[in-house]
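Residue-level listing of the chains:
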Amino acid sequence: MRSNDAIHLGLMLLALAAAYLMPFELLLLAYVVLGPAHYFTEISWLHDRSYYLPHRGIAAALAIIAVIAALIDNASWFGFAMWGALIVCAMLAATTSAIESMLLFMTAIALSALMYSSGSSLAVIGILIPTLIHVSLFTLIFMVLGAHRSGSRVQAALVAVYLIAIATILLLPPTAEIRIASFARVGQDYFGNVGPALSRLFGVPGLVLDTRLTSLLAFVYTYHYLNWFIKADVIRWTAVPKARLAAMAAASAASTALYFYDYAFGFTFLLALSLIHILLEFPLDALALRQLGAAVQGAVRARYAAPVAATATRPRPTGTRGSKRPPRSR
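The structure reproduced in this document is the subject of the present report.

1. What to know about the environment of Y51
- Mapped onto the elements of the fold, Y51 is located in the loop between α2 (23–47) and α3 (56–70).
- By relative accessible area, Y51 is classed as buried at 9%.
- Sequence separation between Y51 and F142 is 91 residues, and the spatial gap between their C-alpha atoms is 16 Å.
- If we ignore the near neighbours within four places in the chain, the residues touching Y51 are I43, L46, R56, A59, L280 and P283.
- At 3.0 Å, the side chain of Y51 and the side chain of H47 are in polar contact.

Take a look at the structure:
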């Protein structure tokens, strides 16, 4: 096992242990302390790669949409903004022809009409896209892609450990007590809508931000941030001028300080910053989905092509019963 993989595993287990011991406190601290550092450094990394978009001006439009969305009180309109931005980014970054773009657009229109007709589906998607979908699902997709590209069994095992950790929290939820009551109240204010959204999505009544769901969010958020930081030597997000690194560190510290100075305004600022980084990452997310689909398709083809090729190249037996030609004598 490489040292980086060992650190990766250690941080994952550390996040899991912390989620069991102090889920309410960990969720808020991870979001407020680790979050800004992740947002600023990833936006910087995406900027150097033109946000995986054909024009950087589109990224500016996405950032404006994110700021407006942070101020929207209507859950359905917020969901429409998230969903629409994701589809547009997928069309720009993950399609390779006009036909693919048209098919994706038509599919999105049909799904949008279905969600609109069901009443609360747009609100549900708006809650889940910037939370569990972005933080957990796309993290898993990037982990799977990394393991596939490297061919590393250790990285594949890390994917399995991640899934086992989530299953463990869901099946054996912690019984940790709230140590800092104010953190729990603030967490309820800011993440309390995730439980009802999952309840409507899966048809399971009564889901709320209890210890189980809080632990899940605490783990996936903490690991999402840590996973980004430990990939510095892989994706080289630190390969920027020192002045920019210093500016990002200062901005991150100021964002955290702003939250503790005035948590209401600070959270609004962090929400806007979080949404900016999420929307700017949408093109990369869409591209990763396409690459994962191509990898799965290639694996399926290789699995079924090998037996066919072996059958086609297998030499035919001679001199067997039923053959019209007799075997040659030596």
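2. Considerations on a nonpolar patch on the surface
- Among the surface-exposed residues, I99, M102, L103, F105, M106 and I109 lie close enough to one another that they form a single nonpolar patch of about 610 Å² accessible area.
- Counting through the fold element by element, M102 comes out in helix α5 (residues 98–117).
- Taking relative accessible area as the criterion, M102 reaches 46% and is therefore assigned partly exposed.

3. Considerations on α3
- Between the first and last C-alpha of α3 there are 22 Å, a value that for 15 residues agrees with the 21 Å anticipated at 1.5 Å per step.
- Residues A59, L62, A63, A66, A69 and A70 constitute the buried set of α3. Along the long axis of α3, the arc covered by the buried residues comes to 125 degrees, so they all point the same way. Away from the buried face of α3 by more than 90 degrees, exposed residues G57, I64 and I68 are located.

4. Remarks on empty space enclosed by the protein
- For the structure on display, the rule yields two cavities of 30 Å³ or more.
- One number sums up the size of the second largest cavity: a volume of about 40 Å³.
- Surrounding the second largest cavity, Y31, Y39, P130, H134, V135, Y221, Y225, S274, H277 and I278 form its lining.
- Of all elements in the fold, only α2, α6 (121–150), α10 (211–229) and α13 (263–313) reach the threshold of two or more residues within the lining of the second largest cavity.

5. As for unusual backbone geometry
- The backbone of Y52 sits at a positive phi, close to 60 degrees, despite the residue not being glycine.
- One can find Y52 in the loop between α2 and α3.
- In this structure, R236 is a non-glycine residue whose phi angle is positive, near 60 degrees.
- Among the secondary structure elements, R236 is positioned in the loop between α11 (232–235) and α12 (242–261).
- Accessibility expressed as a relative area gives 53% for R236, which makes it exposed.

6. Comments concerning the packing of aromatic side chains
- Under the definition given, this model contains 16 aromatic pairs.
- Their ring planes at 85 degrees and their centres at 5.8 Å tell us that W77 and F80 sit as a pair that is edge-to-face. With a gap of three residues between them, W77 and F80 both fall in helix α4 (residues 75–93), about one helical turn apart.
- For W77, a relative accessible area of 56% gives the class exposed.

7. Remarks on the packing of α6 against helix α7 (residues 153–171)
- Taken N-terminus to C-terminus, the directions of α6 and α7 make an angle of 160 degrees; their axes are 8 Å apart at the nearest point. Comparing the axis directions of α6 and α7 gives the class roughly antiparallel. Pair α6 / α7 crosses with left-handed handedness. Across the interface between the two elements, V135, S136, L140, M143, V144, G146, A147 and S150 from α6 touch Q155, A156, L158, V159, Y162, L163 and I166 from α7.
- Here the contact of α6 with α7 is composed, by residue class, of eleven nonpolar, four polar and no charged.

8. A word on the packing of α7 against α10
- Look at α7 against α10: their axes get within 8 Å of each other, and the N-to-C directions meet at 160 degrees. As far as their axial angle goes, α10 and α7 are roughly antiparallel. For the crossing formed where α7 meets α10, the hand is right-handed. Residues Y162, A165, I166, I169, L170 and L171 of α7 form the contact with α10, whose own contacting residues are R212, S215, L216, F219, V220 and Y223.
- Of the residues belonging to the contact of α7 with α10, the class tally is ten nonpolar, one polar and one charged.

9. Observations concerning the side chain of H38
- Inspection of the secondary structure puts H38 in helix α2.
- The contact partners of H38, leaving out residues within four places of it in the chain, are H224, Y225, W228, F229 and H277.

The rules behind these values
- Residues numbered from 1 in each chain as written.
- Predicted model: local features only at pLDDT ≥ 70, side-chain atom pairs only at ≥ 80, totals over all residues.
- Heavy atoms only, no water.
- Helix = DSSP H or I, 4+ residues; strand = E, 2+ residues; numbered from the N terminus.
- Buried < 20%, exposed > 50% of the residue type's maximum accessible area, 1.4 Å probe, protein only.
- Contact = heavy atoms within 4.5 Å.
- Polar contact = N/O pair within 3.5 Å; in protein donor to acceptor, adjacent residues only side chain to side chain.
- Patch = residues over 30% accessible without salt bridge, like charges linked within 9 Å, V, L, I, M, F, W, Y side chains within 5 Å.
- Areas by Shrake-Rupley, 256 points an atom, 1.4 Å probe, with all protein chains shown as cover.
- Salt bridge = Lys/Arg side-chain N within 4 Å of Asp/Glu carboxyl O.
- Expected span 1.5 Å × (residues − 1).
- Arc of directions from axis to C-beta.
- 1 Å grid on protein atoms, 1.4 Å probe; cavity = no way out; pocket = protein on both sides within 12 Å on 5 of 7 lines; lining within 4 Å.
- Points joined across faces, edges and corners; volume = space filled by probe spheres on them.
- Phe/Tyr/Trp six-rings, centres within 6.5 Å; stacked < 30°, edge-to-face > 60°.
- Axes fitted to C-alpha atoms, helices over the stretch in contact; angles between N-to-C directions.
- Parallel < 35°, antiparallel > 145°, perpendicular 65-115°, else oblique.
- Left-handed = near helix turned anticlockwise from the far one by under 90°.
- Nonpolar A, V, L, I, M, F, W, Y, C, P; charged D, E, K, R; others polar.

By themselves, these observations are geometric and do not establish any function.
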